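Close look at the chain arrangement
Residues per chain, in single letters:
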Amino acid sequence: QVQLVESGGGLVQAGGSLRLSCAASGRTFSGYPMGWFRQAPGKEREFVAAISSAGGSTYYAESVKGRFTISRDNVKNTVYLQLASLRPEDTAVYYCAAKNVGGSYFSHGNYGYWGQGTQVTVSS
């Protein structure tokens, strides 16, 4: 099993940057693809980014492609999401998750382990 603890959220002006971190505990971190999802008030949870278990492949939602970067350090048991060129519509609670079911990287149902979420607020 994997336990996930997120940090790095906060309030930032439009155009600014944040780096979110997700620290994992457990012996099996390197075996799981990891993803980031977000949910804004009144909206559905949406896929943001994902990375394969070894870090060789990455996937992004069209809305964040070119602005956000996902990475992982399997020695430090940590996955990161670098957010740049932030927009007010990026405001949401951001969750990291470990994918434990085969299939699409884009479906939240394929992720069985979730962090507590961290709030990102982008002011205009």
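Structural notes, computed from the coordinates. One numbering rule holds for all chains: residues counted from 1, following each sequence as written. At least 70 in pLDDT is required for a residue's local features to be given in this predicted model, at least 80 for side-chain atom pairs to be given and counted, and no such filter applies to totals for whole chains, interfaces and linings, which use all residues. Side-chain measures here rest on the full set of heavy atoms in the structure, leaving out hydrogens and waters.

**Concerning the packing of aromatic side chains**
What counts as a ring pair is set by centres within 6.5 Å for rings of Phe, Tyr and Trp (its six-membered ring), and what kind of pair is set by the plane angle: stacked under 30 degrees, edge-to-face over 60, tilted for all other angles. Using the criterion set out here, one finds nine aromatic pairs in the structure. Pairing Y32 with Y113 gives two aromatic rings, centres 5.8 Å apart and planes at 75°, and the pair type is edge-to-face. Of this pair, Y32 sits in the loop between β3 (18-25) and β4 (34-39) while Y113 sits in strand β10 (residues 111-114), and the two are 81 residues apart along the sequence. Classification of residues uses two cut-offs on accessible area relative to the type maximum, computed with a 1.4 Å probe and protein chains only: under 20% is buried, over 50% is exposed, and between them is partly exposed. Among the residues examined, Y32 registers a relative accessible area of 16% and is labelled buried. Note on F47 and F106: the rings are 4.9 Å apart at their centroids and 85° apart in plane angle, and the pair reads as edge-to-face. In this pair, F47 is assigned in strand β5 (residues 46-51) and F106 in the loop between β9 (92-99) and β10, connecting sequence segments 59 residues apart. You can call F47 buried: its relative accessible area is 10%. F106 sits in the partly exposed class, given a relative accessible area of 46%. By way of ring pairs, the aromatic residues F37, F47, Y59, Y95, Y105, F106, Y111 and W114 are connected into one cluster. Strands are runs of DSSP state E lasting at least two residues, helices are runs of H or I lasting at least four, and both sets are numbered from the N terminus onward.

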